[in-house]
Amino acid sequence: MKTIALVAHDNKKKDLVEWCDFNKGTLSQYCLYATGTTGKKIIEKTGLKVNLLKSGPFGGDMELGAMIANEKLNILIFFWDPLESQPHDVDVKAVLRLAVLYNIPTACNRATADMIISSPLFNTNT
């Protein structure tokens, strides 16, 4: 079963929660992880089963990085805010760097997330 991580900065949480709600039928078939606050909001709105990591600034981003490095993550949906400075910006960059290094399909906005989830490759084992 594929593992999908769902992450969003504060100004993007509403967008990600709406995206998850729209795609909950598809997402329910996968093992989902999310950073703390984002995951709680997804669970409240969608009822999806989501494994919660720590909040991003409190180590959740590093937990995601470890999942990527240990090849336990297949897809990263990370709606990050390019206009807001983050106190844990170095961790965010590290996660994105690892996703590229390990060839993890990564969506940083709704348009890309839509393309990934609607791709014929989404349901393959590669």
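Whatever comes next refers back to the structure up there.
Residues numbered from 1 in each chain as written. Predicted model: local features only at pLDDT ≥ 70, side-chain atom pairs only at ≥ 80, totals over all residues. Heavy atoms only, no water.

A few points about the packing of helix H1 (residues 13–22) against helix H3 (residues 36–46)
Inference 1: Here H1 crosses H3 at 40°, and the two axes come no closer than 9 Å. Comparing their axes, H3 and H1 come out oblique. Seen along the crossing, H1 lies across H3 with a hand that is right-handed. Listed contacts from H3 to Lys-13, Leu-16, Val-17, Cys-20 and Asp-21 of H1 are Thr-37, Thr-38, Lys-41, Ile-42, Lys-45 and Thr-46. (Axes fitted to C-alpha atoms, helices over the stretch in contact; angles between N-to-C directions. Helix = DSSP H or I, 4+ residues; strand = E, 2+ residues; numbered from the N terminus. Parallel < 35°, antiparallel > 145°, perpendicular 65-115°, else oblique. Left-handed = near helix turned anticlockwise from the far one by under 90°. Contact = heavy atoms within 4.5 Å.)

A word on the pattern of salt bridges
Inference 1: Going through the model one piece at a time under the given rule, you end up with five salt bridges.
Inference 2: A salt bridge links Lys-14 to Glu-18; its shortest N-O distance comes to 3.1 Å. Here Lys-14 pairs with Glu-18, and both are found in helix H1, just four residues apart, close to one helical turn.
Inference 3: Across the salt bridge formed by Glu-18 and Arg-110, the nearest N and O atoms sit 3.8 Å from each other. Taken as a pair, Glu-18 in helix H1 and Arg-110 in helix H6 (residues 110–118) lie far apart in primary sequence, 92 residues in all. (Salt bridge = Lys/Arg side-chain N within 4 Å of Asp/Glu carboxyl O.)

Considerations on the side chain of Thr-35
Inference 1: If you trace the backbone, Thr-35 turns up in the loop between strand S2 (31–34) and H3.
Inference 2: In contact with Thr-35, not counting residues within four places along its chain, are Leu-6, Val-7, Leu-53, Lys-54, Gly-56, Gly-60, Asp-61 and Leu-64.

A word on the nonpolar core
Inference 1: Counting residues in each nonpolar core, the largest one holds 22 residues, and the members touching the most others are Ile-4, Leu-6, Leu-16, Trp-19 and Ile-77.
Inference 2: For this core, the secondary-structure elements that each account for two or more residues are strand S1 (3–8), H1, S2, strand S4 (75–79) and H6.
Inference 3: Among the elements that line this core, the one with the most residues is H1, at four residues.
Inference 4: Ignoring any residue separated from it by four or fewer positions in sequence, one finds Ile-4 in contact with Leu-27, Tyr-30, Cys-31, Leu-32, Tyr-33, Leu-73, Ile-75, Ile-77 and Phe-122.
Inference 5: Within the second largest apolar cluster, 13 residues are counted, among which are Val-7, Leu-53, Leu-64 and Leu-76. (Core = buried A, V, L, I, M, F, W, Y, C linked by side-chain atoms within 4.5 Å. Buried < 20%, exposed > 50% of the residue type's maximum accessible area, 1.4 Å probe, protein only.)

Side note on the packing of helix H4 (residues 60–69) against helix H5 (residues 89–101)
Inference 1: The contact between H4 and H5 brings their axes to 9 Å, and the two run at 15°. Taken together, H4 and H5 sit at an angle that is classed as roughly parallel. When you trace H4 past H5, the crossing you get is left-handed. On the side of H4, the interface is formed by Asp-61, Met-62, Leu-64, Gly-65 and Ile-68, while H5 contributes Asp-91, Val-92, Val-95, Leu-98 and Ala-99.

Remarks on the environment of Lys-12
Inference 1: Inspection of the secondary structure puts Lys-12 in the loop between S1 and H1.
Inference 2: For the pair formed by Lys-12 and Asp-81, sequence separation is 69 residues and the distance between their alpha carbons is 6.5 Å.

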